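A closer look at the structure
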Amino acid sequence: MTRIQVETRIFKILEYIHHPIIPALKKNLELFSVTELSQILSFLETWSLNPIQQFLTEKVQEYKWLLEELKMNKAFSKLKNHKMKELEEREQEEAEAEEMIRFD
């Protein structure tokens, strides 16, 4: 199935059961891949919890990876800032030492 077909089928089912999530889903539909939409459709068509549980498990893992990546970026940023401050302090100390040595 193409993405448009999957989206259309999802909205037909949600409209049939008068689900209130339709407006929110329409606004955020581009956040989901075709695979994720297919898992949602599978759940809506069968009401089996397996597809939706797999979908949620994958999303949780994806968010964990994103959080880890953000933590690593923050740690590297802090390390870089610390190294830059040390370098600036060292340069300043060297400049002060040279000033003290000059007898002009």
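Quick note: structure is the one above.
All values reported here derive from a predicted model rather than from experimental measurement. (Residues numbered from 1 in each chain as written. Predicted model: local features only at pLDDT ≥ 70, side-chain atom pairs only at ≥ 80, totals over all residues. Heavy atoms only, no water.)

Describing a negative patch on the surface
Negative charge collects at one region of the surface, where Glu86, Glu88, Glu89, Glu91, Glu93, Glu94, Glu96 and Glu98 lie side by side. Relative to the helices and strands, glutamate 86 resides in helix α4 (residues 49–101). Look at glutamate 86 and you get partly exposed, because its relative accessible area is 35%. (Patch = residues over 30% accessible without salt bridge, like charges linked within 9 Å, V, L, I, M, F, W, Y side chains within 5 Å. Areas by Shrake-Rupley, 256 points an atom, 1.4 Å probe, with all protein chains shown as cover. Salt bridge = Lys/Arg side-chain N within 4 Å of Asp/Glu carboxyl O. Lys, Arg positive; Asp, Glu negative; His and termini not counted. Charge placed at Lys NZ, Arg CZ, Asp CG, Glu CD. Helix = DSSP H or I, 4+ residues; strand = E, 2+ residues; numbered from the N terminus. Buried < 20%, exposed > 50% of the residue type's maximum accessible area, 1.4 Å probe, protein only.)

What to know about the packing of aromatic side chains
By the definition in use, this model includes two aromatic pairs. A ring pair is formed by phenylalanine 32 and phenylalanine 55, whose centres lie 6.1 Å apart and whose planes are at 40 degrees; its orientation type is tilted. On the criterion of sequence distance, the pair formed by phenylalanine 32 in the loop between α2 (22–28) and α3 (34–46) and phenylalanine 55 in helix α4 is long-range, its members being 23 residues apart. With relative accessibility at 9%, the residue phenylalanine 55 sits in the buried group. On the basis of an interplanar angle of 65 degrees and a centroid distance of 5.1 Å, the ring pair of phenylalanine 43 and tryptophan 47 is categorised as edge-to-face. The residue whose ring lies beneath lysine 26 is phenylalanine 11, and the NZ or CZ to ring-centre distance is 5.4 Å. (Phe/Tyr/Trp six-rings, centres within 6.5 Å; stacked < 30°, edge-to-face > 60°. Lys NZ or Arg CZ within 6 Å of the ring centre and 35° of its normal.)

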